[in-house]
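Architecture at a glance
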Amino acid sequence: MRILITPDIMEWAIGSLTKSIVRHAQHRFDFTVVPVHPRAATDPALHIRQLIKEQGQFDLWHCMYWNSGEQLLSLLPELRGIPSVLSHHNHYALQKADWSRYTKVVVPTGWSYDFLAPKYNNLIKIPYGIDLDRFSYIDERKDDGQTIGYVGRVVPHKNLARICQAAKNMGAKVLATGYVEKTDYYETVDKSVLEIHGGTGRGTMASQAFKDRLYERMTAFVMYSTGEVETGTLPLFEAMARGVPVLTTAQGSARDLITDGENGIIFNEENFAEKLAMLLADRKLQDRLRENAWKTVKGYPEEMMSLQYQKVYADIFAEGKKKISIIIPTKNRAELVAESLLSIEAQDYAYKEVIVVDDGSTDQKTDVVINAMRKHAKTPIILLRTGNNDGHYGLARARNIGVIEAIGDIVVLLDDRLKLAPNALTDIAASQMEPMRFYWGAKLVNNEESTKRTFIENFSWCRRDDLINAGLFPEWLQLYGGMSEEIRKRLATQGWQFVYNPKPTAEQMTGSGRYKHKDQVWKAKFLLRKLYG
């Protein structure tokens, strides 16, 4: 599924968020990123039009900046005809237009959600996330005890001048990185206490690696934002992750993140100097704040932000129907996987995704098949690996990895030696799908329906959440021949029922390997007897 995503400028905060979303979602969706600045939208619009002409219409448009979106909608009326997501990052512009024209509107803060919720029913809150590997915690502090950190553009609403004045009055200094956007305002800044890395214009910004290292020199980080301009800032998250004590106004994401006195300090214009002096003078307070700040921000990885967006996309594509994730464990059966994938791609169903989990194949054929299919299929196809290199039976782990990755409401377990009959997914979705029910469908063997009526999970389905709550599949069982029995016994004690539904059908392409693994089958059965009696 092809998604057009339009940030403003890739080097700015919205561009950074765009990279984070795409980086962790490109295994599921096909992204085209086109930066569109609202004051220079014509050329990007022409580029997008050419892409549509050459490759066909996009399945979804994700607008990352509201003002760029307004320009594109006027220049490209064809964007009005496809599903769309607007990420709105500007508190001051929440009333600038009618956002109901977008399928979904995503906001990052509780304040913006509460502001828009009375008027819009297409609203979703997704907080910001950052790269917690990149912004790792500073265990051993290296600051001098008197350095105030500032990260961002030099503009009036960020109040660098007030920060520098307070620092001068208390004998501290300010370490800043960013760039000067408003030169007239910068003239009012007392530079006698300021060390700034970056000049006039965004092209003068210091490198990311250099900026990241500056956090090591900061005794405290100050976000002095006013006027409801900010929805972040991202440096607030970064400082918390790196273990720099934060001092902030109650603006943007700080309202959601910071509890005054516990994981940061909240100040206003009247008490800023007093609270800054208090924080700089108290090393124990600093250490407590930075430890608690990390405990807060560890819940905001960029992976989580991206996953939430992936779920938004999938919900839009599903058009109100249940989302289905098909999980196919495989090992050295690329040709059969190809047939399974083709049968899934042929299903006429709103949102389906396939998660192929390779359990230690000794060739690269599965990769070749997946890459070839991705070029032509609209169905998201995800390839994961168990990391099984010692040859043990890793079916349970493969299935569990697939279930964890899945974003479907329903998970379908499908052996790689089976392919779906036409309309199988429609028939599965039509199941009542009651809680704690494991359904299994009919299997055609040599064009005849199998007469076996004992639950076997190689073509089965259930609610994803129910399966997770039940404990998933037994990774300790690394022998062939006991998986279905273990599932039946364990889930039955939890109150599950197993329901045969003959309407969804899968065709067997080759036989199972049970006759080749007799040495494992009896051992697996014995192990289950020891466990369950």
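Residues numbered from 1 in each chain as written. Predicted model: local features only at pLDDT ≥ 70, side-chain atom pairs only at ≥ 80, totals over all residues. Heavy atoms only, no water.

Here the focus is the pairing of strand β16 (residues 410-414). Taking burial as the measure, the five residues of β16 include five buried ones, the bulk of the element. Side chains of β16 alternate between two faces, with I410, V412 and L414 and V411 and L413 buried alike. With four bridges connecting them, strand β13 (residues 324-330) and β16 associate as parallel partners. Among the inter-strand pairings, I326 is bridged to a residue of β16, identified as V412. (Buried < 20%, exposed > 50% of the residue type's maximum accessible area, 1.4 Å probe, protein only. Helix = DSSP H or I, 4+ residues; strand = E, 2+ residues; numbered from the N terminus. Pairing = 2+ DSSP bridges.)

Spatially, the six strands line up as an open sheet ordered β2-β1-β3-β4-β5-β6, and their pairing is parallel. Across the chains shown, the open sheet's two edge strands, defined by having one partner strand only, are β2 (30-33) and β6 (123-125). Between one strand axis and the next, the sheet turns through 20 degrees on average, direction left out of account. The sheet contact formed by strand β3 (residues 60-63) and strand β4 (residues 84-87) spans three bridges and is parallel. (Axes fitted to C-alpha atoms, helices over the stretch in contact; angles between N-to-C directions.)

Next up on the list: the sheet that holds strand β8 (residues 173-180). Pairing in this open sheet of six strands is parallel, and the strands run β9-β8-β7-β10-β11-β12 from one edge to the other. Two strands lie at the open edges of the sheet, namely β9 (194-197) and β12 (265-266), each paired on one side alone. Alignment of strand β7 (residues 147-154) against β8, held across eight bridges, turns out to be parallel. Across the sheet, residue I148 finds its bridge partner in β8, namely V174. The strands touched by helix α8 (residues 234-242) are β7, β10 (220-223) and β11 (246-248); relative to β10, the strand with the most contacts, the crossing angle is about 165 degrees. (Contact = heavy atoms within 4.5 Å.)

Before going further, it helps to examine the side chain of T366. Of note, T366 is situated in helix α14 (residues 365-374). Judged by relative accessible area, T366 falls into the buried class, the value being 1%. Setting aside residues up to four positions removed in sequence, T366 forms contacts with T330, A334, V356, D358, S361 and L383.

Within the structure shown, the criterion is met by two cavities of 30 Å³ or more. Space inside the largest cavity adds up to approximately 70 Å³. Around the largest cavity sit Y150, V151, K158, F221, V222, M223, Y224, S225, E230 and T233, which together line it. At the level of secondary structure, the elements contributing two or more residues to the lining of the largest cavity comprise β7 and β10. (1 Å grid on protein atoms, 1.4 Å probe; cavity = no way out; pocket = protein on both sides within 12 Å on 5 of 7 lines; lining within 4 Å. Points joined across faces, edges and corners; volume = space filled by probe spheres on them.)

Turning to its location among the elements, Q478 is positioned in the loop between α17 (464-469) and α18 (483-493). Q478 sits in the partly exposed class, given a relative accessible area of 39%. Taking the C-alpha atoms as reference points, Q478 and Y393, 85 residues apart in sequence, are found 4.7 Å from one another. If we skip the residues at most four places from it in the chain, Q478 touches H392, Y393 and Q520.

What follows is about the nonpolar core. In this structure, W61, W99, Y215, F221 and Y313 are the most contacted members of the largest nonpolar core, which totals 79 residues. Take this core: its biggest share by element is eight residues, from helix α12 (residues 302-318). Those residues in contact with Y313 that sit more than four places away from it in its chain are I3, I5, I21, F29, F31, L60, H62 and V85. Counting 31 residues, the second largest nonpolar core, distinct from the first, contains Y349, A377, L414 and L425. (Core = buried A, V, L, I, M, F, W, Y, C linked by side-chain atoms within 4.5 Å.)

The values reported here are purely geometric and, on their own, carry no functional implication.
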